Amino acid sequence: MNRCSLRHSDQLVGLAVAVLCVGAFLAGLSPVARLEQGAYDIGVAASVRPASNQIDIIDIDQASIDRIGRWPWPHAVIAGLISRLSAAGVRPIGPDLPPSALGATAADGDAGLAGAVRQAGHVVLPMRFDFHDAGTSPAPPPWLARMGIAGGDASAAPLQATGVQLPSAALAQAAAGIGHVNARPGPDGVVRNAPMLVAYRGRDFPSLPLAMAAEQLRRPGRDIRIAAGPALTLGSLRIPTDSRLRAWPVFHTSGRRGGFKHYAFADVVAGKVPPALFAHKAVLVGVTASGIGRTYRTPVNGRMPAVEFDANMLQSILHPGFFTHPAWARALELAILVLAAFYLIAVLPRLGAAVAAVITILMLLSLLSVNFFALTTIAVWIRTLT
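What you see is a predicted model; the values in this text were computed from it and never measured.

### With respect to the sheet that holds strand 9 (residues 203-206)
Overall, mixed pairing links the 3 strands, which are arranged 4-8-9 in an open sheet. Of all strands in the sheet, those bounded by a partner on one side alone are strand 4 (159-160) and strand 9. With 4 bridges joining them, strand 8 (residues 197-200) and strand 9 adopt antiparallel strand pairing. Residue pairing for strand 9: Tyr-200 is matched across the bridge by Arg-203.

### Some words on the sheet that holds strand 15 (residues 282-287)
Read across the open sheet, the 4 strands follow the order 2-15-1-14; overall the sheet is parallel. Taken across any chain shown, the strands that pair with only one partner, and hence form the sheet edges, are strand 2 (93-96) and strand 14 (261-264). Strand-to-strand twist of the sheet, defined as the mean angle between neighbouring strand axes without regard to direction, takes the value 25°. Across the sheet, helix 4 (residues 75-87) is in contact with strand 1 (55-60), strand 2 and strand 15; its angle to strand 2 comes to roughly 155°.

### Looking at the side chain of Arg-91
You can see Arg-91 is positioned in the loop between helix 4 and strand 2. With relative accessibility at 17%, the residue Arg-91 sits in the buried group. A polar contact of 3.2 Å, which involves the side chain of Arg-91, links it to the side chain of His-122. Among the polar contacts made by the side chain of Arg-91, one reaches the main-chain carbonyl oxygen of Glu-215 at a distance of 3.0 Å.

### Some remarks on the packing of helix 11 (residues 327-347) against helix 12 (residues 353-378)
Where helix 11 meets helix 12, the axes come as close as 13 Å, and the angle between the chain directions of the two elements is 175°. Taken together, the axes of helix 11 and helix 12 are roughly antiparallel relative to one another. On helix 12, the residues that touch Trp-328, Ile-336 and Tyr-343 of helix 11 are Ala-356, Ile-359, Thr-360, Met-363, Leu-367 and Ile-378. Looking at side-chain class alone, the contact of helix 11 with helix 12 contains 8 nonpolar, 1 polar and no charged residues.

### Here we look at the confidence of the model for the protein chain
With 85% of its residues at a pLDDT of at least 70, the protein chain reaches an overall mean of 86. Predicted confidence in the protein chain is weakest over helix 1 (residues 3-26), with a mean pLDDT of 50, and strongest over strand 15, with 98.

### Describing the pattern of salt bridges
Scanning the model with the defined rule gives 8 salt bridges in all. Taking the shortest distance from any N to any O, the salt bridge between Asp-267 and Arg-67 comes out at 2.8 Å. Of this pair, Asp-267 sits in helix 9 (residues 265-269) while Arg-67 sits in helix 3 (residues 62-68), and the two are 200 residues apart along the sequence. By relative accessible area, Asp-267 is classed as partly exposed at 23%. Ionic pairing is found between Arg-91 and Glu-215, a salt bridge with its closest N-O pair at 3.3 Å. With a gap of 124 residues between them, Arg-91 in the loop between helix 4 and strand 2 and Glu-215 in helix 8 (residues 208-216) connect regions that are remote in the sequence. As far as the burial class goes, Arg-91 and Glu-215 line up, both buried. Connected via shared salt-bridge partners are Asp-41, Asp-188 and Arg-192.

### Remarks on the environment of Val-123
Checked against the element boundaries, Val-123 lands in the loop between helix 5 (110-120) and strand 3 (124-130). Using a relative accessible area of 0% as the deciding quantity, one classes Val-123 as buried. Distance in space between the C-alpha atoms of Val-123 and Ile-82 is 8.2 Å, their sequence separation being 41 residues. Not counting chain neighbours up to four residues away, the residues in contact with Val-123 comprise Ile-82, Ile-93, Pro-95, Val-117, Ala-175, Ala-176 and Gly-177.

Thresholds applied
Residues numbered from 1 in each chain as written. Predicted model: local features only at pLDDT ≥ 70, side-chain atom pairs only at ≥ 80, totals over all residues. Heavy atoms only, no water. Pairing = 2+ DSSP bridges. Helix = DSSP H or I, 4+ residues; strand = E, 2+ residues; numbered from the N terminus. Axes fitted to C-alpha atoms, helices over the stretch in contact; angles between N-to-C directions. Contact = heavy atoms within 4.5 Å. Buried < 20%, exposed > 50% of the residue type's maximum accessible area, 1.4 Å probe, protein only. Polar contact = N/O pair within 3.5 Å; in protein donor to acceptor, adjacent residues only side chain to side chain. Parallel < 35°, antiparallel > 145°, perpendicular 65-115°, else oblique. Nonpolar A, V, L, I, M, F, W, Y, C, P; charged D, E, K, R; others polar. pLDDT = per-residue confidence, 0-100. Salt bridge = Lys/Arg side-chain N within 4 Å of Asp/Glu carboxyl O.

As structure tokens, this is what we get:
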């Protein structure tokens with residue numbers, strides 16, 4: 001086989017690879033998704049910002065469980081904390097707890113907890129959606145529909161839930177609002193985003209951080225709107241999302257200096273922490289005890305407590321900080337893909353093996369550098385390898 005035939009064969013191979021890559025791009029598939037996600041994670045980890053001093057976390061940690069008793073605790077214990085925080089002027093209070101820990105139990109101080117929630121006036125309670133077979137889901141209680149919001153822009157399609165776990169009706173109806181605590185990991189098990197709204201039985205329901213943000217801004221839930229973009233709006237705030245209404249937060253803590261302040265539940269209810277420390281702040285309460293509390297693998301922490309993830313999301317909403325993937329970024333990605341196809345078809349077959357290897361490596365490093373620069377400077381994800 002002569003040299004011309006070999007070059008023609010190499011061009012055909014390059015053309016086939018280019019066609020496959022363009023097809024995968026247009027179909028929304030990524031032949032190197034794991035590498036792309038890894039590059040995203042590096043950029044996110046390099047973009048960590050200081051946490052707000054207006055958001056605190058109260059931990060149900062192992063020391064608190066050892067002092068108060070086995071988890072889950074009687075509702076009267078939770079009621080005591082809510083009353084103490086309310087008296088300190090906390091707005092809002094977000095018990096980021098399993099809904100089952102706030103279920104109906106008449107013998108467990110349910111009425112007392114409902115009274116504390118109602119008196120506080122700024123408590124946003126959790127719920128958790130299921131995404132299993134719709135045939136296994138019982139009908140939701142009538143009061144739940146009244147706490148949802150109507151849909152908006154038709155270009156956005158929030159995740160559809162098939163079931164829901166709720167706190168007791170008495171607690172939910174005494175609360176200022178309710179929000180879901182769902183965060184779904186990607187195929188590699190890393191949580192990079194969270195749904196801002198989830199659709200259930202014809203209504204949309206906000207996440208706990210979004211519902212808390214609405215309460216802090218003194219905005220009713222109906223002020224959460226689905227807008228073109230796609231995006232969500234809450235008053236003057238705009239939250240960029242994808243078409244499934246998922247948002248990618250900038251992280252404000254990764255277990256390093258500058259993270260959110262944590263206080264042990266037992267210390268707070270025992271009066272060891274001055275209530276004035278929480279005045280006019282947003283406070284989340286979550287289980288962080290090992291083996292009991294939920295944790296997520298995130299780009300900045302392999303075992304981030306769920307309550308801390310939600311604190312990051314809350315700060316991203318109140319002080320806008322999200323990674324975005326705007327239309328111009330997708331156009332740039334297509335342009336990069338066309339240039340890469342030209343290189344594969346017209347340039348690479350003409351190069352010697354050593355030169356081709358050096359140029360290809362330099363191109364890959366350049367693409368990764370563009371992705372890193374965009375993430376760390378303008379919080380835009382340019383998927384240069386897809």
